There are 4 protein chains.
Amino acid sequence: MGIHEECGVFGIFSRTGGNGISQSCYYGLFALQHRGQESCGIAVNDDGKITCLKDMGLVGEVFNHDNLDKLKGTIAIGHVRYSTTGSSTKDNAQPLVSQYVKGTISIAHNGNLTNCNTLRKELEDNGAIFQTTVDSEVIAYMVAGVRSVSPSIEDAVRSVMEKIEGGYALLVMSPRKLIAARDPYGLKPLVMGELNGDTVFASETCALSACGASFIRDVEPGEIVIADDDGVHSVMTPARKRAGCIFEYIYFARPDSIIDGVSVYESRIKAGKLLYEQHPVDADIVIGVPESGLDAALGFSQASGIPYVKGFVKNNYIGRTFIKPSQEQRQDSVRIKLNPIESAVKGKRVVMTDDSIVRGTTIANIVRMLRQAGALEVHVRISSPPFLYPCYYGTDVPSREKLIAVKHTIPQICQMIGADSLGYLDVNSLHELTGLKEGQKNFCDACFTGDYPNAEYGIDLLNGGGEDLEK
Amino acid sequence: MGIHEECGVFGIFSRTGGNGISQSCYYGLFALQHRGQESCGIAVNDDGKITCLKDMGLVGEVFNHDNLDKLKGTIAIGHVRYSTTGSSTKDNAQPLVSQYVKGTISIAHNGNLTNCNTLRKELEDNGAIFQTTVDSEVIAYMVAGVRSVSPSIEDAVRSVMEKIEGGYALLVMSPRKLIAARDPYGLKPLVMGELNGDTVFASETCALSACGASFIRDVEPGEIVIADDDGVHSVMTPARKRAGCIFEYIYFARPDSIIDGVSVYESRIKAGKLLYEQHPVDADIVIGVPESGLDAALGFSQASGIPYVKGFVKNNYIGRTFIKPSQEQRQDSVRIKLNPIESAVKGKRVVMTDDSIVRGTTIANIVRMLRQAGALEVHVRISSPPFLYPCYYGTDVPSREKLIAVKHTIPQICQMIGADSLGYLDVNSLHELTGLKEGQKNFCDACFTGDYPNAEYGIDLLNGGGEDLEK
Amino acid sequence: MGIHEECGVFGIFSRTGGNGISQSCYYGLFALQHRGQESCGIAVNDDGKITCLKDMGLVGEVFNHDNLDKLKGTIAIGHVRYSTTGSSTKDNAQPLVSQYVKGTISIAHNGNLTNCNTLRKELEDNGAIFQTTVDSEVIAYMVAGVRSVSPSIEDAVRSVMEKIEGGYALLVMSPRKLIAARDPYGLKPLVMGELNGDTVFASETCALSACGASFIRDVEPGEIVIADDDGVHSVMTPARKRAGCIFEYIYFARPDSIIDGVSVYESRIKAGKLLYEQHPVDADIVIGVPESGLDAALGFSQASGIPYVKGFVKNNYIGRTFIKPSQEQRQDSVRIKLNPIESAVKGKRVVMTDDSIVRGTTIANIVRMLRQAGALEVHVRISSPPFLYPCYYGTDVPSREKLIAVKHTIPQICQMIGADSLGYLDVNSLHELTGLKEGQKNFCDACFTGDYPNAEYGIDLLNGGGEDLEK
Amino acid sequence: MGIHEECGVFGIFSRTGGNGISQSCYYGLFALQHRGQESCGIAVNDDGKITCLKDMGLVGEVFNHDNLDKLKGTIAIGHVRYSTTGSSTKDNAQPLVSQYVKGTISIAHNGNLTNCNTLRKELEDNGAIFQTTVDSEVIAYMVAGVRSVSPSIEDAVRSVMEKIEGGYALLVMSPRKLIAARDPYGLKPLVMGELNGDTVFASETCALSACGASFIRDVEPGEIVIADDDGVHSVMTPARKRAGCIFEYIYFARPDSIIDGVSVYESRIKAGKLLYEQHPVDADIVIGVPESGLDAALGFSQASGIPYVKGFVKNNYIGRTFIKPSQEQRQDSVRIKLNPIESAVKGKRVVMTDDSIVRGTTIANIVRMLRQAGALEVHVRISSPPFLYPCYYGTDVPSREKLIAVKHTIPQICQMIGADSLGYLDVNSLHELTGLKEGQKNFCDACFTGDYPNAEYGIDLLNGGGEDLEK
């Protein structure tokens, strides 16, 4: 609801002839569609060459039987992308295919380099030209530059990882190898699986399920995993203090995924339970804002004993081409996407959970709808702490002046959204979402605290926290 | 899950200049999209003429700002359609616009005439030609024929209703009037609303919500409601024993809709409660098959006290162009659309609710997935009785030989789908879904019982229960 | 240049299994594309059913390998259509497929019924409804109505031909027969050919060439030709005084076609020769306005001995989606479609031929361009007499008030278009185009003379001369 | 007919606010469409940024009112491209937009660098990566590299021109300047025009006409012309012996264009006259193969006195999606695109001119068609010498083994194509096409003679003469 993940990646290395790898990639990307709906692409190695098909649109729109059948090879990488930029985004679709002195590589990546502008400037000073605004092109340049003096592509990737800062899950395909790399904090998720002897990498485990692969293990922070005809081997670069993005658990990831050993679904149930502990209230029913608020509602219900009911119907047919209501129709616009079930909420004191509040306008509309439907009281519970700081690692958080919690106290926000009470998840309880003890911390909560894991290594502030220069 | 509603209708008569009526129609149809995803259309009266735009595809695909803005007028009717037929369906999209001796009419309709073939034959014997295979064209002919000797269009509709048999919700637009008619059994739902002085008709109340209209009342079985510049007036044709389609409550309708005074959501909760009463079981969790099985799971949980949890993640990005897995990939195909949440079901004795079983193959896959995810036991509870008979009123039930319950006993089905136990809703308890006392019946349950409301008036068996001749 | 033919038809009956008939139809329609660029369609009989694919666009846009391969059968009819109407024309695309009491028929037709409104009214009075505004639907009704009491489909067509008035080339396909019929004046062209034992019908012989068929003969005015498994046989209805459209020779038809025994190309060469005889001038070069004015220029050159040169380059890449210049750019707009070859015309006294003048604006621009390119004199010669009357037989001539020759004398027109001299073909010499002697007449020249062949049988003036009611 | 030009360029620098420059670019590219039909694009500077829209397809397909209106700015460059490569060509569409250390540049270019592979290798050795296979990306790299140490963009272009070899017409747009450069031989055409105070560059003068600009002068071989707010100024790099591509006159350019002071149309007329002088024949008519053979036919007719007639009708509706006839239909396939006018050629001894013979298969079909149409004799006259050598400057000549004249004598070819006689234009008379005296030469005729203008500077043979590495 206003916060967007920027990308998902999927890769497969076949040792069994490559039959159906573009199809596997298709289903994998399909399961990662929630991580990016703007553009998508698949690149395959094909007899020493790399062929890539990418375009604006959903996986199901860009690919069809015909064009998928033409993507033949034994290695494939794929990408789904979200972007806030407008017209020029077709150029920014991934994977990126580059020809360099040693041949061809293709790169797909999720995340953001916090020193991207600095690196880009250095490359430009040495004569580089850029045709896109994505970090992947910077990475491709650096890999190409190092590769010319490196014994292997994985060695080049290792060298590049010493220079890039930020959060990333990276897939690099050369005509003979598939390389997966994860940033030294583990900010972005990346897992490895196995499908009938083939090696698979994906942003989330749900993509393994979708293509029929079994989960092997997470790629470790700072790890480089190389899949080739000889099998799979691993190179470790110096890891730093583990700091996986906590918002993957709260909102981004699919609830059936397991990230770094922790079930996303269980985290959300836990968040709901904590919300009750931290902000108990006497009420008749608990409901969640679909889809991302539903799990916390279940947890709240379990902890409180207050019955969980379905409060809303969400219209899932809303696609990219949906015509938004005009200004005069906007008042009720939210009832098009979301409609309260009057018979469920009428005359009830309602606890309503959602994952976050960004600007506050959407949730204010939802609260008003509930009251129109006859809810006597509306107690809002948010399964994350207030958003206060920008993310520099690839999440599209609006600028600070648009974040309602930056300029307003919680009681003020409560009033602004028209709720009877408002409770956020205590920032000091976030460790419980990943099953840690008090005082332990293995995650990044910078968007709530301003505590950036790589602050000491410098964050390229000009970059503005977004992936695109144009933002 | 294998059973499809065939259509949804929406209409609006403006007394306030018609500003935005095509937009209201768009949002209304959008909310009815679950009733038909194959084609859609909107017709508007425009200065004595009727303009219609219709095509294959979802409401959000067919309409855009440009083409919607061109649909100006003071009356609009719209339609969403599901169809099992193949290539020629573009011709079958509705609304249907016809020119006849007294001018132009447009018709949109949901349902099926059980004597359509007979009526069609009569018309053809008198020289009629048909360019589509939809019932609406037969109705248009009959209205045109009667209209030439009738004092008014509503009078013509009344005469036609004396001759047509079956279930229907019908909207007829002449350049100056909007007429809504419902079959004498009330088999198909149809409601009236009001939007800033304009009169609105829709298949379900959720469409009223979506366009900002307020609910006035249901159109009664056998009633003709005429909206014109003078206001709204009603004509009653002889009603028969009320027999609204019970499957609207069980599966078709959106849970936020209220049909003939009964909340669809509450019916489904009730079905879940009855399932527990009729088929209790000792288990750890209750889950539902998304989306239509979730509400019954909540009811089962409430009645039994067994915790309700989320068992599956459903991928909502599956669209019309989705590439289905090939034969060799099919085994796991269902994990692409639906994936169990392993952390929620592992090691648990699971009660799983769904709305119905048609062929049994899908649910068998789902049960197997649950076991693969670690469920110890899987107890399937179905919130409807077994399907045994075809529907002649516009619902796409497969032929009898494909219905698993026709040839197998419940214990056999239980074994075939791999469940530990299987319980269907008792057909004798259906009255509870609509809040009636035992022995009362105001609904059609023919697909479970073979008790067709208009059996005595003859059902045109050649018609095969489907809407299309081609079936 | 402002005057448009409305349609072209093509049909094929296969006795050899039907292999490739939709492809033959495709190439035939392709060769008839000059007769209509707005919509096109092909219908095939298929196992007792008739399948039709039609849409807005050129033949090369609507059809592709995939959809053409699906059009299998042993009989096919096709249609290309031009229309001046706007949004609703998709419904008006042909062939029209209709189901009636005796089965299914499909109709494609070129031309216009002059008593269409009367016939339509009669049908409506008997309860008919219409979903399009094309004459074909009226014909379909009438055939269906008569067929129910006729021994055969050809007998029904014969009966219908007794009632319809106007110009038409008609193809009717039943599941087992292909019937071609031509109006009793022969106003619209229609030929028969043979392709490896299969029977072919087409509006022009160029379509026979394109699909590899050989020319057999013209269908005669008033003739009905029936192709079925037994071969080809003919039924004559009472013919009237032959009156083929003279404008087919002057402009509509392709120059490689032969209509009723007369080469279109030779007619145009002849027109150019006559223009020199009737309006000689002393000049340096003769040029034609591409494409339709080029042949008359050749004839003028041959008769006069003045050298023929290429005066203009025409841009053939202009398609349906071409963006027309805005008001301020319009002055020179014609140089986008047409550009003079300066080196050819500079310093020259130029004779320029064109086929007709409708409003006069286009030719005024062309004359001005020639002067800007350095032409010393521009003598315009028009290979037809002045347009003075509407066409009621299917040609889209603008209304009289827009015809420049209705309100202005030839000297006035000469001045208005900026020419040094202007000469039209003498209306009394038109017989020479078809090789007749003076005083003989076997053609319709009503648009020049107002002498309508079927005036005595009544022309339905309300119909306005156009094919569509909406015009 | 088998030989393809690779590109056309258009650029405009506005000093009057830029109103309508993308429209001017559209019309300019439209007039250059014959130089490339595969992809096209327009880039505009916009407030320091450069926005580019490019895609596969014709100018009229890629651009529409909406997307053209969004291309606002004061400088625009555009490109049309032909390519023989398949799937990946979308990436190769131009203009190319690159960001480098000093900002952004966009490049559009026609031609081929003969040392491209060498240059590319050098750049890759220095770490460059390439995302396309077009020369423009090499040029962009080089300009970017030099620009970082150059005082101005034009200075950088000058430096780069010292290193690149081959034939090119180059447009470079920086946010404030538009630079046009032409190779030192003048192999590729490039002209300058003026439109209401704005400066325009284009591959041919016909593009100036189309947008309403007046011709100023040709850009000279080796010249760099810079348009900025201060006006237009010129920088000369060392020119070499002038060697404009002679095939522009024979086939590529539009006949209404004037290249380096010589009318293309007059060249073709002259070629026809020379053909008669060199290969006279007694015949009844002269015809040309449309479109490119028509002008030589006129010249032949003028010189010989044998009447010029129209021999064929060409179907101009053939677009990119045209379905080619299958193997068994191919025999007559050429009659779909081209059909003889039987009445014109029957019983005649025919001289037929065409611009060139590549493989010989097409012209053999055409000769056979003429005989089938009744031609008594067919004398083929080709308005160019035999093709014997590859072109390394951007023209798509097939490989030598496919050139019929490489392995066969003229009498053999005459027999292979079924002609009664065959005459090619004498290679020693080519100077007459550009109005030179005997022994003078200012053109490149390497495809006929193997005399490559820059042979002494080395031609990168690996490059294979094509623009794309993939060829």
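Residues numbered from 1 in each chain as written. Chains lettered and ligands numbered in written order. Predicted model: local features only at pLDDT ≥ 70, side-chain atom pairs only at ≥ 80, totals over all residues. Heavy atoms only, no water.

Q: How should the overall build of chain A be read in this particular structure?
A: Secondary structure assignment for chain A yields 17 helices and 23 strands. Relative to the compact-globule value of 23 Å for 471 residues, chain A shows a C-alpha radius of gyration of 23 Å, a close match. On the principal axes, the C-alpha backbone points of chain A span a range of 70 × 50 × 40 Å. When the 471 residues of chain A are sorted by exposure, 65% land in the buried category. Considering only residue pairs separated by 6 or more positions, chain A has 70% of its internal contacts joining residues 24 or more positions apart. Here chain A displays about 15900 Å² of accessible surface, and carbon together with sulfur accounts for 48% of that area. Between the averaged position of the 46 positive side-chain charges in chain A and that of its 57 negative side-chain charges there is a distance of 3 Å. (Helix = DSSP H or I, 4+ residues; strand = E, 2+ residues; numbered from the N terminus. Rg over C-alpha atoms; globule rule 2.2 N^0.38 Å. Buried < 20%, exposed > 50% of the residue type's maximum accessible area, 1.4 Å probe, protein only. Contact = heavy atoms within 4.5 Å. Areas by Shrake-Rupley, 256 points an atom, 1.4 Å probe, with all protein chains shown as cover. Lys, Arg positive; Asp, Glu negative; His and termini not counted. Charge placed at Lys NZ, Arg CZ, Asp CG, Glu CD.)

Q: So what exactly am I meant to see when it comes to the pattern of salt bridges here?
A: Opposite charge on two side chains allows them to pair when their charged atoms are near. Applying the stated rule across the entire model yields 84 salt bridges over all chains. One salt bridge connects Lys177 of chain B with Glu154 of chain B, and the closest N-O pair in it is separated by 2.9 Å. On the criterion of sequence distance, the pair formed by Lys177 of chain B in the loop between strand 7 (166-173) and strand 8 (178-182) and Glu154 of chain B in helix 6 (residues 153-163) is long-range, its members being 23 residues apart. The shortest N-O distance in the salt bridge between Lys121 of chain C and Asp125 of chain C comes to 3.2 Å. Placement of both Lys121 of chain C and Asp125 of chain C in helix 4 (residues 116-125) is noted, with a separation of 4 residues, approximately one turn of the helix. Since its relative accessible area comes to 42%, Lys121 of chain C is described here as partly exposed. Overlapping salt bridges bring together Arg182, Glu220, Arg242 and Asp260 of chain A as one network. (Salt bridge = Lys/Arg side-chain N within 4 Å of Asp/Glu carboxyl O.)

Q: Looking at this structure, how should I read the arrangement of the chains?
A: There is a clear gap between chain A and chain C: no contact, and 12 Å between their nearest C-alpha atoms. If you take every C-alpha in chain B and every C-alpha in chain D, the smallest gap between them is 12 Å, and the two do not touch.

Q: Just checking my understanding: could you explain the domain arrangement of chain A for this structure?
A: It is common to give the size of an interface as the accessible area that goes away when the parts come together. Residues and elements named next belong to chain A. Partitioning chain A into domains gives domain 1 (7-240) and domain 2 (261-457). Taking the mean C-alpha position of each, domain 1 and domain 2 sit 33 Å from one another. With 16 residues of domain 1 in contact, the opposing surface of domain 2 contributes 11 residues. Across the interface of domain 1 and domain 2, roughly 1000 Å² is buried in total on both sides, 55% from carbon and sulfur atoms. It is Thr114, Tyr185 and Leu187 in domain 1 that bury the most area against domain 2; as a group they hold 35% of the surface buried on that side. On the surface where domain 1 and domain 2 come into contact, there are 4 residue pairs in polar contact (both at pLDDT 80 or more). Among the secondary structure elements, those contributing two or more residues to the side of domain 1 that touches domain 2 are strand 6 (103-113) and strand 7 (166-173). Taken together, the residues of the side of domain 1 that touches domain 2 break down into 3 nonpolar, 8 polar and 5 charged. (Domains from an automatic or database assignment. Buried area = accessible area lost by both parts, 1.4 Å probe. Polar contact = N/O pair within 3.5 Å; in protein donor to acceptor, adjacent residues only side chain to side chain. Nonpolar A, V, L, I, M, F, W, Y, C, P; charged D, E, K, R; others polar.)

Q: I tried to follow the relation of the copies chain A and chain B on my own but got confused; where do I start?
A: One copy of the chain maps onto the other through a rotation about an axis followed by a shift along the same axis. Of the transformation placing chain A onto chain B, the axial shift is 0.1 Å and the rotation is 180 degrees, giving an RMSD of 0.1 Å. Expressed as a symmetry operation, the mapping of one chain copy onto the other fits a two-fold axis. When C-alpha positions in chain A are compared against the rotation axis, the closest is assigned to Asn316 of chain A, at 3.4 Å. Mapped onto chain B, 98% of the interface residues of chain A again fall at the interface, so both copies present the same surface. (Least-squares fit on C-alpha atoms with pLDDT ≥ 70 in both.)

Q: Hey, could you run me through the environment of Thr74 of chain A in this one?
A: Residues and elements named next belong to chain A. Looking at where Thr74 falls in the secondary structure, it is placed in the loop between helix 3 (65-69) and strand 4 (75-81). Thr74 sits in the partly exposed class, given a relative accessible area of 31%. C-alpha separation for the pair Thr74 and Phe13, spaced 61 residues apart in sequence, amounts to 6.2 Å. Other than its neighbours up to four places away in sequence, Thr74 contacts Ile12, Phe13, Ser14, Gly17, Gly18, Ile21 and Asn45.

Q: Honestly, the packing of helix 5 (residues 135-147) of chain C against helix 6 (residues 153-163) of chain C in this entry has me stumped. Any pointers?
A: Each pair of packed helices can be described by the angle between their axes along with the distance between the axes. All names here are of chain C. Two numbers describe how helix 5 lies on helix 6: the axes approach to 8 Å, and their chain directions differ by 125 degrees. The orientation of helix 5 relative to helix 6 falls into the category oblique. As for the relative orientation of helix 5 and helix 6, their crossing is right-handed in sense. Contact with helix 5, carried on its side by Met142, Val143, Val146 and Arg147, involves Ile153, Ala156, Ser159, Val160 and Lys163 of helix 6 and no other residues of that element. In terms of residue class, the contact of helix 5 with helix 6 is made up of 6 nonpolar, 1 polar and 2 charged. (Axes fitted to C-alpha atoms, helices over the stretch in contact; angles between N-to-C directions. Parallel < 35°, antiparallel > 145°, perpendicular 65-115°, else oblique. Left-handed = near helix turned anticlockwise from the far one by under 90°.)

Q: Can you walk me through the interface of chain A and chain B in this structure?
A: Each partner contributes residues to the interface: chain A has 49 residues there, and chain B has 49 residues. Here chain A and chain B share an interface that buries about 4400 Å² over both sides, 58% of which is from carbon and sulfur atoms. Counting the surface chain A buries against chain B, the share from its top three residues, Phe30, Tyr317 and Ile323 of chain A, is 17%. On the surface where chain A and chain B come into contact, there are 2 salt bridges. A salt bridge links Lys310 of chain B to Asp295 of chain A; its shortest N-O distance comes to 3.0 Å. Across the chain A-chain B interface, the total number found is 17 residue pairs in polar contact (both at pLDDT 80 or more). The leading source of residues in the side of chain A that touches chain B is helix 1 (residues 21-31) of chain A, at 5 residues. Residues of the side of chain A that touches chain B, tallied by class, amount to 24 nonpolar, 17 polar and 8 charged.

Q: Sorry if this is basic, but what is going on with unusual backbone geometry here?
A: Residues other than glycine predominantly adopt negative phi, and peptide bonds predominantly adopt the trans conformation. Residue Glu291 of chain C is bonded to the preceding Pro290 of chain C through a cis peptide linkage, with omega at -15 degrees. Summarising the element assignment, Glu291 of chain C is placed in the loop between strand 17 (285-288) and helix 10 (294-304). A cis amide bond links Gln94 of chain D with the next residue in sequence, Pro95 of chain D, at an omega value of 0 degrees. For Pro95 of chain D, the location among the structural elements is in the loop between helix 4 (89-92) and strand 5 (96-100). Its identity as a non-glycine residue notwithstanding, Asp260 of chain A has a phi of 50 degrees, on the positive side.

Q: I keep staring at helix 6 (residues 135-147) of chain D and nothing clicks. Help me out?
A: Since the α-helix advances by 3.6 residues per turn, residues separated by three or four positions end up pointing in the same direction. Spanning 13 residues, helix 6 of chain D covers 18 Å between terminal C-alpha atoms, matching the ideal 18 Å at 1.5 Å per step. Most of helix 6 of chain D sits out of view: 12 of its 13 residues are buried. Within helix 6 of chain D, burial applies to Asp135, Ser136, Glu137, Val138, Ile139, Ala140, Tyr141, Met142, Val143, Ala144, Val146 and Arg147 of chain D. Of the surrounding elements, those touching the buried residues of helix 6 of chain D are helix 6 (135-147) of chain A together with strand 5, strand 6 (103-113), helix 5 (116-125), helix 7 (153-163) and strand 7 (166-173) of chain D. (Expected span 1.5 Å × (residues − 1).)

Q: Any chance you could explain the sheet that holds strand 8 (residues 178-182) of chain C here in plain terms?
A: Sheet strands associate in pairs through backbone hydrogen bonding, adopting either a parallel or an antiparallel arrangement. All names here are of chain C. Strand order across the open sheet formed by 6 strands is 5-6-7-8-12-13, with antiparallel pairing between neighbours. Since the sheet does not close on itself, it has two edges, and those belong to strand 5 (96-100) and strand 13 (231-236), each with one partner. Going from strand to strand, the sheet's axes swing by 20 degrees on average, the running direction of each strand aside. Sheet topology places strand 6 (residues 103-113) next to strand 7 (residues 166-173); 8 bridges connect them, and they run antiparallel. (Pairing = 2+ DSSP bridges.)

Q: Please clarify how the sheet that holds strand 21 (residues 377-382) of chain B should be interpreted in this entry.
A: Residue and element names in this part refer to chain B. The 4 strands are arranged 17-20-21-22 in an open sheet whose pairing can be described as parallel. Edge strands, defined here as strands with exactly one partner in the open sheet, are strand 17 (285-288) and strand 22 (421-424). Along the sheet, successive strands turn relative to each other by an average axial angle of 20 degrees, direction set aside. With 4 bridges joining them, strand 17 and strand 20 (residues 349-354) adopt parallel strand pairing. Across the sheet, Gly288 pairs through a bridge with Thr353, a residue of strand 20. The strands touched by helix 13 (residues 361-372) within the sheet are strand 17, strand 20 and strand 21, with strand 21 carrying the most contacts at an inclination of about 150 degrees.

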